[in-house]
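The primary structure of each chain is shown beneath.
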Amino acid sequence: MLLHTVMWKFKDSAEGQSKAENLATVRAGLEALLGVVPVLEDLYFYENEVDCDRNFDAMLQVYVPDADALEAYKTHPAHQKIAAFVAKVTEGRAAVDITME
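On a predicted model such as this, the values are computed, not experimentally measured, just so you know. The residue numbers shown here count from 1 along each chain, following its written sequence. Owing to the predicted nature of the model, reporting of local features is limited to residues with pLDDT of at least 70; listing and counting of side-chain atom pairs is limited to 80 or more, with chain, interface and lining totals taken over all residues. Side-chain numbers here rest on the full set of heavy atoms in the structure, without hydrogens or water.

Because each turn of an α-helix spans 3.6 residues, side chains separated by three or four positions end up pointing in the same direction. Three labels apply to residues, based on accessible area from a 1.4 Å probe with only protein chains included: buried if under 20% of the type maximum, exposed if over 50%, partly exposed otherwise in between. For the purposes of this entry, the term helix denotes a DSSP run of H or I that reaches at least four residues, the term strand denotes a run of E that reaches at least two, and both are numbered from the N terminus. Looking only at helix α2 (residues 67-75), the buried set comprises Ala 69, Leu 70 and Tyr 73. One side of α2 holds all its buried residues, which, seen down the axis, span an arc of 105°. More than 90 degrees from the buried face of α2, the exposed residues found are Ala 67 and Asp 68. Each element contacted by the buried residues of α2 is listed here: β1 (2-10), α1 (19-31), β5 (58-64), α3 (77-89) and β6 (90-99). Throughout, the arc means the angular range of directions from the helix axis out to the C-beta atoms. Between two residues, a contact is recorded if the distance between any of their heavy atoms is within 4.5 Å.

Structure follows, in structure tokens:
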């Protein structure tokens, strides 16, 4: 199993919404992928709880069977749609992919 983890820094406001509104929109869009993107085994979205300029604002953990499934997830039209919105409302991103045993 492969764990795909992504963290984002959100803009203070973008796309006519506040940071909090954009976080909620992104959370809803990503959580809606579970059951829509067939390769997804599980998905968790977390918001940062400690106010610190160095912290990321949100983290996503996606569980898929393997690297091929991760590619299928990334290229799925439903993921592409929310990913395009995420790109508009964030200003920093970090990611890591880990094989889970």
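There is more to say after this.
In this section: the packing of aromatic side chains. What counts as a ring pair is set by centres within 6.5 Å for rings of Phe, Tyr and Trp (its six-membered ring), and what kind of pair is set by the plane angle: stacked under 30 degrees, edge-to-face over 60, tilted for all other angles. Taken as a whole and judged by the stated rule, the model has three aromatic pairs. Consider the rings of Tyr 44 and Tyr 63, whose centres lie 6.2 Å apart with planes at 85°: the pair is edge-to-face. Separated by 19 residues along the polypeptide, Tyr 44 in strand β4 (residues 42-47) and Tyr 63 in strand β5 bring together distant segments of the chain. The class of Tyr 44 is partly exposed, set by a relative accessible area of 36%. Through successive ring pairs, a cluster of aromatic residues spans Tyr 44, Tyr 46 and Tyr 63.

The UniProt feature table records "domain: Stress-response A/B barrel" (unreviewed entry) at residues 2-98. In residues 2-98, the share of helix is 36% and the share of strand is 36%. The end C-alpha atoms are 6 Å apart. UniProt positions are given in the numbering used here, feature names are shortened, and annotations may be inferred rather than shown by experiment.

Residues enter a nonpolar core if they are buried and are Ala, Val, Leu, Ile, Met, Phe, Trp, Tyr or Cys, with the set joined through side-chain atoms within 4.5 Å. Core analysis: the largest hydrophobic core is formed by 24 residues, its most contacted members being Trp 8, Val 26, Leu 30, Leu 40, Phe 45, Leu 60 and Tyr 73. Those elements giving two or more residues to this core turn out to be β1, α1, β4, β5, α2 and α3. Look past the residues within four positions of Leu 40 in its chain and what remains in contact with it is Leu 33, Leu 34, Val 62, Tyr 63, Val 64 and Tyr 73.

Glancing now at the side chain of Asn 22. One can find Asn 22 in helix α1. Overall, Asn 22 belongs to the buried group, its relative accessible area being 0%.

In this structure, Glu 15 is a non-glycine residue whose phi angle is positive, near 55°. Along the chain, the position of Glu 15 falls in the loop between β2 (13-14) and β3 (17-18).

Attention now goes to the layout of surface pockets. A cavity here means a set of points on a 1 Å grid, drawn over the protein atoms and nothing else, where a 1.4 Å probe fits but cannot get out; a pocket is an open set with protein on both sides within 12 Å along at least five of seven lines, and a residue lines either one if it has an atom within 4 Å of a point. Grid points are joined across faces, edges and corners, and a volume is the space filled by probe spheres set on the points. Quantified by volume, the largest pocket comes out at close to 160 Å³. Of all elements in the fold, only β1, α2 and α3 reach the threshold of two or more residues within the lining of the largest pocket.

Right, let's talk about a nonpolar patch on the surface for a bit. For patches, a residue must show more than 30% relative accessible area and have no salt bridge; joins then use 9 Å for like charges and 5 Å for nonpolar side chains, namely Val, Leu, Ile, Met, Phe, Trp and Tyr. Here, Shrake-Rupley sampling with a 1.4 Å probe gives the accessible areas, and only protein chains in the shown set may cover a residue. Any Lys or Arg side-chain nitrogen found within 4 Å of a carboxyl oxygen on Asp or Glu counts as a salt bridge. On the surface, Met 1, Val 96, Ile 98 and Met 100 cluster together into a nonpolar patch covering about 310 Å² of accessible area. For Val 96, a relative accessible area of 40% translates into the label partly exposed.

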